[in-house]
Amino acid sequence: MILSDLLGSPVLAASGERLGQVVDARFVLDGPPDGMLAAARLHGLVVSPHAHSSFDGYERTGVDAPALIARFLRWRARGSFLVLWTDLESFTDELRLRAGATLYSPRLSESEV
């Protein structure tokens with residue numbers, strides 16, 4: 001699977017309700033570096049009911065300048081959430097969440113960057 005195939009994909013709740021589309025992905029670095037880089041693992045997907053593209057780094061809690069752009073992008077990101085990879089039940093042309101999936105805030109603190 002290629003990540004770009006997931007971007008823009010519709011995301012449905014277990015009930016079939018459309019929640020939004022995939023706008024970004026979150027990775028974690030596992031273990032010591034393998035050669036020059038640490039192994040990256042897909043942690044989850046950021047889903048937005050309004051936006052159709054990435055938040056350009058403005059999901060970081062400390063990013064607020066230029067103020068006008070930051071305010072617009074936060075408004076556009078309203079209602080967005082992070083869903084863990086393990087909470088996906090199926091993915092074909094659309095992604096379906098499993099029943100009981102937890103929706104997390106997509107905001108990143110400075111310590112997570």
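Along every chain, residues carry numbers that run from 1 in the direction the sequence is written. In view of the model being predicted, local features appear only for residues whose pLDDT reaches at least 70, and side-chain atom pairs are presented and counted only at 80 or more, with totals across whole chains, interfaces and linings using the full set of residues. Remark: hydrogens and water are excluded; side-chain values derive from all non-hydrogen atoms of the structure.

### What to know about the overall build of the protein chain
The numbering of helices and of strands both runs from the N terminus, where a helix is a DSSP run of H or I of at least 4 residues and a strand a run of E of at least 2. When its secondary structure is counted, the protein chain shows 2 helices and 7 strands. Note on contacts: a residue pair qualifies if any of its non-hydrogen atoms lie within 4.5 Å across the two residues. Expressed as a percentage of contacts within the protein chain between residues at least 6 apart in sequence, the contacts between residues at least 24 apart total 53%. Here the accessible surface of atoms and residues is derived via Shrake-Rupley with a 1.4 Å probe, and residues count as covered only by protein chains that are part of the display. Of the accessible surface of the protein chain, which amounts to about 6900 Å², a share of 57% is contributed by carbon and sulfur atoms.

### So, the environment of R96
On the secondary structure map, R96 appears in strand β6 (residues 95-97). Those residues in contact with R96, other than ones at most four positions away along the chain, are L12, A13, A14, S15, G16, L88, E89 and S90. Here a polar contact is recorded for every N or O atom pair within 3.5 Å, except that within protein the pair must consist of a potential hydrogen donor and a potential acceptor, and residues adjacent in sequence are included only if both atoms are side-chain atoms. Polar contacts involving the side chain of R96 include one to the main-chain carbonyl oxygen of A13, which spans 3.5 Å.

### Things to note about the packing of aromatic side chains
Stacked, tilted and edge-to-face are the three classes assigned to paired rings of Phe, Tyr and Trp, where Trp is represented by its six-membered ring and a pair needs centres within 6.5 Å; plane angles under 30 degrees give stacked, over 60 edge-to-face, the rest tilted. In total, this model carries 2 aromatic pairs according to the counting rule given. On the numbers, 6.0 Å between centres and 35° between planes, the contact of F72 with W75 is tilted. A residue pair is termed a helical-turn pair when its members lie 3 or 4 positions apart in one helix, as F72 and W75 do in helix α2 (residues 67-76) at 3 residues. For the pair W85 and F91, a centre-to-centre distance of 5.3 Å together with 45° between the ring planes defines the contact as tilted. The buried label goes to any residue with under 20% of its type's maximum accessible area, the exposed label to any with over 50%, and the partly exposed label to all in between, with areas taken from a 1.4 Å probe on protein chains only. Among the residues examined, W85 registers a relative accessible area of 28% and is labelled partly exposed. Under the relative-accessibility criterion, F91 is labelled partly exposed at 34%. Should the NZ of a Lys or the CZ of an Arg lie within 6 Å of a ring centre and within 35 degrees of the ring normal, that charge is described as sitting over the ring. In this structure, R78 packs its charged tip against the face of W75, placed 4.3 Å from the ring centre.

### Section: the pairing of strand β5 (residues 88-91)
Pairing between strands is defined by DSSP: at least two bridges between the two strands are required. Pairing geometry for β5 and β6, over 3 bridges, is antiparallel. Each bridged residue has a counterpart across the sheet, and for S90 the counterpart in β6 is R96. The turn linking β5 back onto β6 is made up of 3 residues.

### Comments concerning the pattern of salt bridges
By definition, a salt bridge exists where a carboxyl oxygen of Asp or Glu is found within 4 Å of a side-chain nitrogen of Lys or Arg. Tallied over the entire structure, the rule returns 2 salt bridges. Of the charged contacts in the structure, one is a salt bridge between D87 and R98, with a shortest N-O distance of 2.5 Å. In this pair, D87 is assigned in the loop between β4 (81-84) and β5 and R98 in the loop between β6 and β7 (103-104), connecting sequence segments 11 residues apart. Classification of R98 by relative accessible area gives partly exposed; the value is 34%. The partner of R96 in a salt bridge is E94, and the shortest N-O contact between them spans 3.8 Å. Residue classification places R96 among the partly exposed positions, given a relative accessible area of 23%.

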